[in-house]
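For reference, the chains in residue letters:
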Amino acid sequence: MPRQEHWSHARLKSILSREFTDEGLKQFKIQAKVQGLREGELSRMKDIVDVFEALERKDIIGQQKYSVLKEMLRAMNFDKLVSEVEDAELEQQKAGISYGLTCSVVSTVSSSAPGTPPVNLTLQEKADAVPPEDLLQQRVKNSYKRGRGLVVLISNFYDERDADIDETNLKNTFENILKYKVLEPQKDLNKEDLLKYLSTVRNKIETDLTLNSNEYTSLIVCISSHGSTAGIRTMDRPQKTFVSVDEIMTLFNGENCKQLIGKPKVFLFQCCRGNARDRKSVV
């Protein structure tokens, strides 16, 4: 019987998948090759989870067997991801999981019939006995730390689109209701200034979280403007200029903003992405 996958192990794979860019995947493959994976085998792997699971099949890494994985991540200077691995180890220790066991016994209960011997429940059987909504709440509780998020608000074509209304509502929601830290809203930025400002925000995050890892527990970036399939329109004149969603999100990925690894990053883009128009509905 194969070992059951603990939720923290699945979450770890999800975090790695989310934080690694194409360049990070290349580096991870180099580290995997050092651990014995063949080059031809690695060339067919499309994402970080493929490599991770290949290392599992080779019994190089696995639940409660993460020492090699941590060495690989340290070699790539991903110390924040090492912390995520250690969190997974801790959760598995709490659950009584030991590497090499099919399933760990987590509790003993008496059967309903008097005089019958106790029944040992495996981890999976215990999980199956928990109501789904309770199990979901348990996993959500252990997914991310609660706390104050950092909010970025940018509006282009500010007066033309009456963006002040959205800006006021967003600022009120995040600052007064959720008690997040909202940076001074920016408006009418050209492409160079927009990317420069976001880079400044990223550097601030790296500095602040180095001093206090709990200063911000999430990042929310809200950008509104005109747009097209090319991306978000900036204020450059006379030629129309756009910045792509990928350019913005890449600034805050696991390689470029290591202090945000394992923290939720939410991007809200309020702009057109083509020429199609919504049809009105009569109700």
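Note that the structure is predicted; figures quoted are calculated from it, not measured. Along every chain, residues carry numbers that run from 1 in the direction the sequence is written. Thresholds applied to this predicted model are a pLDDT of at least 70 for local features of residues and 80 or more for the giving and counting of side-chain atom pairs; totals over whole chains, interfaces and linings are not thresholded and use all residues. As a convention, hydrogens and water are excluded, and side-chain values are obtained from all of the structure's heavy atoms.

A. View of the pattern of salt bridges. Definition used for salt bridges: Asp or Glu carboxyl oxygen within 4 Å of a side-chain nitrogen of Lys or Arg. Scanning the model with the defined rule gives 15 salt bridges in all. Salt-bridge contacts for Lys-70 lead to Glu-89; the nearest nitrogen and oxygen are separated by 3.2 Å. Linking Lys-70 in helix α5 (residues 67–75) with Glu-89 in helix α6 (residues 79–94), this pair joins segments that are 19 residues apart in sequence. The two residues Lys-70 and Glu-89 agree in class, both being buried. A salt bridge links Arg-74 to Glu-86; its shortest N-O distance comes to 3.8 Å. Placement of Arg-74 in helix α5 and of Glu-86 in helix α6 is noted, with a sequence separation of 12 residues between them. Note on Arg-74: relative accessible area 41%, which makes it partly exposed. Exposure classes here rest on a 1.4 Å probe applied to the protein chains alone. A residue is buried below 20% of its type maximum, exposed above 50%, and partly exposed in between. For Glu-86, a relative accessible area of 34% puts it in the partly exposed group. Secondary structure elements follow DSSP: runs of H or I of four or more residues count as helices, runs of E of two or more count as strands, with numbering from the N terminus.

B. Unusual backbone geometry, seen in detail. Geometrically, the link from Arg-237 to Pro-238 is a cis peptide bond, its omega value of -5° lying close to zero. You can see Pro-238 is positioned in the loop between β8 (231–233) and β9 (242–243). The phi dihedral of Gln-64 falls on the positive side, at around 60°, and the residue is not glycine. Structurally, Gln-64 can be placed in the loop between α4 (48–57) and α5. At Asn-77, a position not held by glycine, the phi torsion is positive, near 65°. When you line up the elements, Asn-77 lands in the loop between α5 and α6.

C. Fine view of the packing of aromatic side chains. Under the pairing criterion, centres of Phe, Tyr and Trp rings, with the six-membered ring standing for Trp, must be within 6.5 Å; the plane angle then separates stacked pairs below 30 degrees from edge-to-face pairs above 60, leaving the rest tilted. If you walk through the whole model with that rule in mind, you get 5 aromatic pairs. When the ring of Phe-20 is compared with that of Phe-28, the centres are 5.7 Å apart and the planes differ by 65°; the resulting orientation is edge-to-face. For the residue pair Phe-20 and Phe-28, the accessibility class agrees, reading buried in each case. Judged by centre distance (5.1 Å) and plane angle (50°), the ring pair of Phe-20 and Phe-78 falls under tilted. Pair noted here: Phe-20 is in the loop between α1 (7–19) and α2 (22–34) and Phe-78 is in the loop between α5 and α6, with a separation of 58 residues, a long-range link. For the pair Phe-20 and Phe-78, a shared accessibility class is recorded, and that class is buried. In this structure an aromatic cluster arises from ring pairing among Phe-20, Phe-28 and Phe-78. The ring of Tyr-158 carries Lys-187 above its face, with NZ or CZ at 4.5 Å from the centroid. Ring-over charges, as used throughout, are those where CZ of Arg or NZ of Lys falls within 6 Å of the ring centre and within 35 degrees of the ring normal. Directly above the aromatic system of Phe-78 lies the positively charged group of Lys-258, at a separation of 5.1 Å from the ring centroid.

D. Quick peek at a negative patch on the surface. On the surface, Asp-159, Asp-162, Asp-164, Asp-166 and Asp-188 cluster together into a patch of negative charge. You can see Asp-159 is positioned in the loop between β3 (149–155) and α9 (163–177). Its relative accessible area of 63% is what places Asp-159 among the exposed residues. Grouping into patches uses exposed residues only, defined as over 30% relative accessible area, and leaves out salt-bridged ones; the cut-off is 9 Å for like charges and 5 Å for nonpolar side chains (Val, Leu, Ile, Met, Phe, Trp, Tyr). The Shrake-Rupley method, run with a 1.4 Å probe, gives the accessible areas here. Residue values count only the displayed protein chains as cover. For the purpose of counting charges, residues Lys and Arg are taken to be positive, whereas Asp and Glu are taken to be negative. His and the chain ends are not included. Note on charges: their place is set at NZ of Lys, CZ of Arg, CG of Asp or CD of Glu.

E. Inspection of the packing of α5 against α6 at higher detail. α6 packs onto α5 with a crossing angle of 165° between their chain directions and a minimal axis gap of 8 Å. In terms of orientation, α5 and α6 fall into the roughly antiparallel class. In the crossing of α5 with α6, the sense of the turn from one axis to the other is left-handed. Contacts between α5 and α6 involve Leu-69, Lys-70, Leu-73 and Arg-74 from the former and Asp-79, Leu-81, Val-82, Val-85, Glu-86 and Glu-89 from the latter. For this scheme, ten residues count as nonpolar: Ala, Val, Leu, Ile, Met, Phe, Trp, Tyr, Cys and Pro. Four count as charged, namely Asp, Glu, Lys and Arg, and the remainder, Gly too, count as polar. Along the lines of polarity and charge, the residues of the contact of α5 with α6 split into 5 nonpolar, no polar and 5 charged. Working convention: axes come from line fits to C-alpha atoms, limited for helices to the stretch in contact. Angles between N-to-C directions cover 0 to 180 degrees. By definition in this entry, angles of less than 35 degrees are roughly parallel, angles greater than 145 are roughly antiparallel, angles of 65 to 115 are roughly perpendicular, and the rest are oblique. It is the rotation of the near helix from the far one that decides the hand of a crossing: anticlockwise by less than a right angle makes it left-handed, clockwise makes it right-handed. Contacts are residue-level and defined by heavy atoms, with any inter-residue pair within 4.5 Å sufficient.

F. Expanded view of helix α10 (residues 191–211). Here a helix's expected span is defined as the number of its residues, less one, multiplied by 1.5 Å. Between its first and last C-alpha, α10 extends 31 Å over 21 residues, near the 30 Å set by a 1.5 Å rise per residue. Residues Leu-194, Tyr-197, Leu-198, Ser-199, Val-201, Arg-202, Ile-205, Asp-208 and Leu-209 constitute the buried set of α10. Of the surrounding secondary structure, the elements contacted by the buried residues of α10 are β3, β5 (186–187), β6 (218–224), β9 and α11 (245–250). In this structure Asn-190 caps α10, since a side-chain oxygen of it lies 3.2 Å from the backbone nitrogen of Glu-192. N or O atoms closer than or at 3.5 Å make up a polar contact, with two conditions inside protein: a donor-capable atom paired with an acceptor-capable one, and, for residues adjacent in sequence, both atoms drawn from side chains.

G. View of the environment of Leu-37. Along the chain, Leu-37 falls in the loop between α2 and α3 (39–43). For Leu-37, a relative accessible area of 3% gives the class buried. Taking the C-alpha atoms as reference points, Leu-37 and Lys-58, 21 residues apart in sequence, are found 8.5 Å from one another. Among residues more than four places away in sequence, those in contact with Leu-37 are Ala-32, Leu-42, Met-45, Val-51, Ala-54, Leu-55 and Lys-58.

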